[in-house]
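The lines below spell out each chain.
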Amino acid sequence: MTAFLRAVAEIISGVVAELSDQNAYRRHLAAHGAVHSPEEWRRFQDEHWAAKSRRGRCC
Amino acid sequence: MGKNLGRVLWAAIALAAAFSMGAVAQSRGEPVNSTWLVIASVCTYLVGYRFYARFVAARVMALDDKRATPAERLRDGHDFEPTNKWIVFGHHFAAIAGPGPLVGPTLAAQFGYLPGFLWIVIGATLGGAIQDFVILFGSLRRDGKSLGQMAREEVGKVGGFTALITVLLIMIILLAVIGLVVVNALKDSPWGAFTIFATMPIAVLMGLYLRYWRPGKVGEASLIGFILVMSAVWGGQAVAQSATLAPWFTLSGKQLAAALILYGFLASSLPVWLLLAPRDYLSTFVKLGVVILLGAGIVLVRPDLQLPPLTRFIDGTGPIFAGKIFPFCFITIACGAVSGFHALISSGTTPKLLSRERDAYGVGYGSMLLESFVAVMALIAAASLQPGVYFAVNSPAGVVGAAPAAATATITNWGFPVSPQEMSTMADQVGEKTLFNRTGGAPSLALGMAHIFVSSTGGRAFMGFWYHFAIMFEALFILTTLDAGTRVGRFMLQDLLGHAWPQLGRTSWMPGILGTSAVIVLAWGYFLYQGVVDPLGGINSLWPLFGIANQLLAAVALCVGTTILVKMHGAKFMWVTCVPLVWLVAVCFTAGWQKIFSPLPALGFLAQADQLAAGPQTAVTATLVFNARLDAAVTGIFLVLVATILIDSVRVWAGILGGRRTAKSTETPFVPTRLAEEL
C-alpha cells in the first residue's frame with residue numbers, strides 16, 4: 001500500500017513538474033551541460049516558449 | 001481462476017454499463033439521479049478502452065514496444081524526450097481539455113440531457129478517442145509529424161494546403177465564439193469583470209517574478225498567482241457593492257469586446273514570458289484543480305437532473321440555437337465527443353514524448369475518454385438546474401423578451417415554470433443584478449457548479465463566491481485559449497505570407513509581428529463584434545459555425561487516418577476510421593447546408609439576411625444582413641475545403657484498393673529500441 005501511494009505521489013509530482021516546465025528545464029540544463037542560473041532560466045524560457053507558443057491550443 | 005475472475009468482472013462492468021444506460025434512457029417523468037450517468041459513462045468507457053481500443057492497438061495498429069519511438073531515435077533534450085506515460089497522459093490531457101467540453105454540453109441541454117449524454121459517451125468511445133489515437137499513432141510512426149504534414153504526404157499537396165487553410169479559418173471562428181462566451185458572462189457584472197481584469201496584472205506580476213525575482217520558481221509563482229486570483233474573486237463582491245468602483249467595472253458587451261480585442265493584440269505582441277506563459281501555468285493548474293473538485297462534488301452530492309431527458313425543442317425551435325436534434329446536437333457538442341482540434345495536439349508534442357508505442361493506447365484513447373467525462377460532468381451541472389432557470393439564463397432577449405415578466409411568461413408557457421422573483425432571488429444570491437439573457441453557457445454552467453460546490457461544502461452564503469469562482473475558472477481558461485490561439489494564428493499567417501514576402505515570415509521583425517497580430521485579432525474581433533450586436537445573442541449563429549468547423553477538422557483528420565489504415569491493410573480495417581468519418585460528414589454537411597439554405601430565418605443565414613433586407617433599412621440592419629451573408633459564405637468555404645480533402649482522399653483510397661496506385665507509406669523504418677533496459 002505504501003509503495004502504491006508512493007508511486008501515485010511520484011506520478012502526480014511528475015505531472016506537475018511537466019506542466020510547470022520543470023522537466024523541460026532539467027532537460028535543457030542537461031542538453032547544454034549548464035547549471036541553473038537566472039540567465040540560463042531566461043534563455044530556456046525564451047527558447048522553450050518560442051516553440052510552445054506556436055502550438056495550437058485545444059478548444 | 002484469475003482469467004475466469006477477469007471475465008466475470010468485465011461481464012459485470014458491461015452489464016452495469018448496459019443497465020445504467022437503460023435506466024438513463026428509459027426514465028420519464030421523474031428526475032434521474034446523476035449517479036446513473038456517472039456509472040453508465042464510466043462503465044462504457046472501461047469496456048471501450050479494454051476491448052475496442054485494445055483491438056485497434058493490437059490488430060489494426062500492431063503497436064510494437066520493440067520499435068524505437070521518435071522520442072528515443074530523435075532524442076534532443078528539447079522536443080523529443082522519452083517520458084513516463086502517466087506524465088505524457090497529464091500533459092496531453094491538459095493540452096486537449098479546453099472550454100469546449102464545458103460549454104457545448106451546457107448549450108445542447110436545450111434538447112434535454114439524454115441526446116447530449118448519449119452523443120458524448122458513444123461519440124467519444126467510437127469516434128473522438130479513435131481519431132485522437134489513430135492520429136497519434138500515425139504521427140508516432142512518422143517522426144512526430146503534424147497533421148498538415150501527414151495530410152500532404154499521405155493524401156497529397158492539395159490536402160495538405162487545404163488542411164492548413166482550414167485550421168487557420170477554424171482558429172478565427174473558435175477565438176470569436178469563445179470570446180463571445182466571456183463577453184456574455186461578464187456583461188454588466190462588475191464582480192466578474194473585476195476578477196477577470198485582476199488576472200491580467202496578476203499574470204504580469206507572475207511573469208516578472210519568474211523572469212527577474214525568482215527565476216525558475218514556477219510552483220511559487222503559480223501559488224502566489226492562485227492566492228491573488230482567489231483574493232480577487234473574494235474582493236470582487238466589495239467592488240460590486242461599491243458605489244464608486246462598481247460603475248468602472250460595469251461594462252456593456254461592446255466595451256468588453258473592445259477590451260478583449262485589445263487584450264488579444266497585446267498578448268500576441270508582448271514578450272511571451274510577460275503575460276502568456278504565466279497565465280498558461282495558472283490556467284493549467286486551476287483547470288485541473290477545478291475538474292477534480294467538480295468530479296468530487298458530483299460524487300458527493302449526487303444531484304438529481306431537473307431537466308427532462310428530452311424537451312420539446314428537439315423539433316428545432318429551441319431558443320438557445322435553432323435546428324433539430326439531428327444534426328445540431330452533434331455539432332453543438334464537438335469537444336467532449338469528437339474534436340478535430342485534438343488531432344493538432346496528437347500530432348504535436350505528444351508523439352515526441354512517448355517512450356513506448358503501446359503508451360499511445362492509454363494516452364491517445366484514454367485522455368479523450370477523460371475529456372468526455374469532463375463533458376458529462378458539465379452536462380450534469382447544467383441539467384441539475386431547474387429547467388425554467390436554465391432557459392431564463394440561456395435564452396436571448398430577442399427570443400423571450402427583455403423584461404423579466406415577459407421572459408418568465410414565455411418560458412413558463414413552454415412548460416418550464418419560472419418566476420421573476422425566483423430569478424431575482426437567485427441573482428441576489430450570486431451577487432448579480434440579473435441572470436436573464438446571459439447566453440453562451442458559461443453563467444448557467446457556473447450556477448450549476450456553484451450549486452454543487454455549495455451543496456458539498458455547505459454554506460449557502462458562499463453561493464456568490466462559488467458562482468464567481470466558476471466564472472473566473474471558465475473565463476481564465478477561455479482567455480488562455482484566446483491569447484495562445486491569437487499567437488498561433490499570427491505564426492500561421494506569418495508562415496503563409498512569408499512565402500510571398502520573406503520579411504513577413506521573420507518572427508523577430510516587429511512591423512511583421514504587429515501587422516499579422518492586428519490581422520488575426522481583427523478577423524476574430526469582427527466575428528466577436530458581430531455576435532455582440534446580434535439581437536439573437538450571437539451564440540445562435542457562431543456556436544454552430546464553430547461546431548461545424550471543428551467537426552470538419554475531425555473529418556480531415558479521419559481522412560488522413562483512413563488513408564494510413566488503407567495503406568497498411570487495404571480495406572480490411574478502414575471501417576475503424578470510416579464509420580466516424582461517414583457520420584461526421586453526414587452531420588457537418590447537413591448542418592452546413594441547413595445553416596446556409598434553410599428557408600427558416602432563425603436557422604438559415606441567407607433566409608435571415610433576406611428577412612432583414614425586406615424590413616425597414618437602417619445602418620444596423622445593413623450590418624446584420626452583411627454578417628448573415630458573411631456567415632453563409634464562411635460555412636460554404638468550410639464545406640468546399642473539406643469536400644476537397646474528402647474527394648482527394650477517396651481518390652487515393654480507390655487507387656490503392658483498385659490496384660492503380662501503390663500503397664506508398666511514409667512510415668519510418670523499424671529501428672529496435674534500446675530503451676527497454678533504461679525504462
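Keep in mind that what you see is a predicted model, and the values were worked out from it rather than measured.

Participant: How do you make sense of the overall build of chain A when you look at a structure like this?
Facilitator: Counting its secondary structure elements, chain A contains 3 helices and 0 strands. When the helices and strands of chain A are read in sequence order from the N terminus, they spell out α-α-α. Over its C-alpha atoms chain A spans a radius of gyration of 15 Å, topping by over 25% the 10 Å that the globule rule assigns to 59 residues. With the principal axes as the frame, chain A shows a C-alpha extent of 40 × 35 × 15 Å.

Participant: What is the right way to read the overall build of chain B from this model?
Facilitator: Helix and strand counts for chain B stand at 28 helices and 2 strands. Radius of gyration (C-alpha) of chain B: 24 Å, near the 26 Å computed for a compact globule of 679 residues. Across its three principal axes, chain B shows a C-alpha extent of roughly 70 × 65 × 60 Å. Taking the intrachain contacts of chain B between residues at least 6 apart in sequence as the baseline, contacts between residues at least 24 apart amount to 81%.

Participant: What exactly am I supposed to notice about the domain arrangement of chain B here?
Facilitator: Residues and elements named next belong to chain B. Domain parsing of chain B yields domain 1 (1-60), domain 2 (61-115 + 144-188 + 251-484 + 502-657) and domain 3 (189-250). A separation of 26 Å is found between the C-alpha centroids of domain 2 and domain 3. Listed per partner, the contact involves 25 residues of domain 2 and 26 residues of domain 3. Here the side of domain 2 that touches domain 3 gets 8 residues from one element, more than from any other, and that element is helix H22 (residues 463-498). Its residues assigned to classes, the side of domain 2 that touches domain 3 shows 18 nonpolar, 3 polar and 4 charged.

Participant: How do you make sense of the interface of chain A and chain B when you look at a structure like this?
Facilitator: It is common to give the size of an interface as the accessible area lost on bringing the parts into contact. With 27 residues of chain A at the interface, the matching set in chain B holds 45 residues. Contributing elements (two or more residues each) for the side of chain A that touches chain B: helix H1 (2-19), helix H2 (22-32) and helix H3 (38-52) of chain A.

Participant: What is the right way to read the environment of Val400(B) from this model?
Facilitator: Residue and element names in this part refer to chain B. One can find Val400 in helix H18 (residues 397-400). Note on Val400: 23 C-beta atoms within 10 Å, which makes it buried. Taking the C-alpha atoms as reference, Val400 lies 7.8 Å from Pro319; in sequence the two are 81 residues apart. Dropping the residues within four chain positions of it, Val400 is found in contact with Pro319, Ser395, Ala406, Ala407, Thr410 and Ile411.

Participant: Just to check I follow, could you spell out H22(B) for this structure?
Facilitator: Every α-helical turn comprises 3.6 residues, leaving residues that sit three or four positions apart pointing alike. In a regular helix each residue adds 1.5 Å, so 36 residues correspond to 52 Å; H22(B) covers 52 Å between its end C-alpha atoms and thus fits that length. Most of H22(B) sits out of view: 30 of its 36 residues are buried.

Participant: In this structure, what is going on with the environment of Asn33(B)? I would like to understand it.
Facilitator: Residues and elements named next belong to chain B. By the element assignment, Asn33 lies in strand S1 (residues 32-33). The exposure class of Asn33 is partly exposed, given the 16 C-beta atoms found within 10 Å. Taking the C-alpha atoms as reference, Asn33 lies 9.5 Å from Ile380; in sequence the two are 347 residues apart. Residues contacting Asn33, with those up to four places away along its chain left out, are Arg302 and Asp304.

Participant: For this particular structure, what's the right way to read the packing of helix H2 (residues 34-60) of chain B against helix H6 (residues 113-140) of chain B?
Facilitator: To characterise two packed helices, one gives the angle between the axes of the helices and the distance between these axes. Residue and element names in this part refer to chain B. In contact at an axis separation of 10 Å, H2 and H6 are set at 25° when each is read in the N-to-C sense. By the criterion of interaxial angle, the relationship of H2 to H6 is roughly parallel. The hand of the H2/H6 crossing is right-handed. Residues Leu37, Ala40, Ser41, Thr44, Tyr45, Gly48, Tyr52, Ala53 and Val56 of H2 touch H6, and the partners they reach there are Phe117, Val121, Thr125, Ala129, Ile130 and Phe133. Counted by class, the contact of H2 with H6 contains 11 nonpolar, 4 polar and no charged residues.

Participant: Help me out: how do you make sense of the packing of helix H9 (residues 190-213) of chain B against helix H13 (residues 276-301) of chain B in this one?
Facilitator: All names here are of chain B. Close contact between H9 and H13 brings their axes to 8 Å; oriented N to C, the two are set at 105°. Overall, the two elements H9 and H13 adopt an arrangement that is roughly perpendicular. Two secondary-structure elements touch here, H9 through Ala203, Met206, Gly207 and Leu210 and H13 through Ala277, Pro278, Arg279 and Leu282. Along the lines of polarity and charge, the residues of the contact of H9 with H13 split into 6 nonpolar, 1 polar and 1 charged.

Participant: Quick question: what am I supposed to make of unusual backbone geometry here?
Facilitator: With the exception of glycine, the majority of residues adopt a negative phi angle, and the majority of peptide bonds are in the trans configuration. Residue Pro327(B) is bonded to the preceding Phe326(B) through a cis peptide linkage, with omega at 10°. Among the structural elements, Pro327(B) can be located in helix H14 (residues 325-332). A positive phi angle is found at Asp21(A), which is not glycine, with a value near 65°. Locating Asp21(A) in the fold gives a position in the loop between H1 and H2.

Cut-offs and rules
- Residues numbered from 1 in each chain as written.
- Chains lettered and ligands numbered in written order.
- Predicted model: local features only at pLDDT ≥ 70, side-chain atom pairs only at ≥ 80, totals over all residues.
- Helix = DSSP H or I, 4+ residues; strand = E, 2+ residues; numbered from the N terminus.
- Rg over C-alpha atoms; globule rule 2.2 N^0.38 Å.
- Contact = placed C-beta atoms within 7 Å.
- Domains from an automatic or database assignment.
- Nonpolar A, V, L, I, M, F, W, Y, C, P; charged D, E, K, R; others polar.
- Buried ≥ 20, exposed ≤ 12 C-beta atoms within 10 Å, placed from the backbone.
- Expected span 1.5 Å × (residues − 1).
- Axes fitted to C-alpha atoms, helices over the stretch in contact; angles between N-to-C directions.
- Parallel < 35°, antiparallel > 145°, perpendicular 65-115°, else oblique.
- Left-handed = near helix turned anticlockwise from the far one by under 90°.

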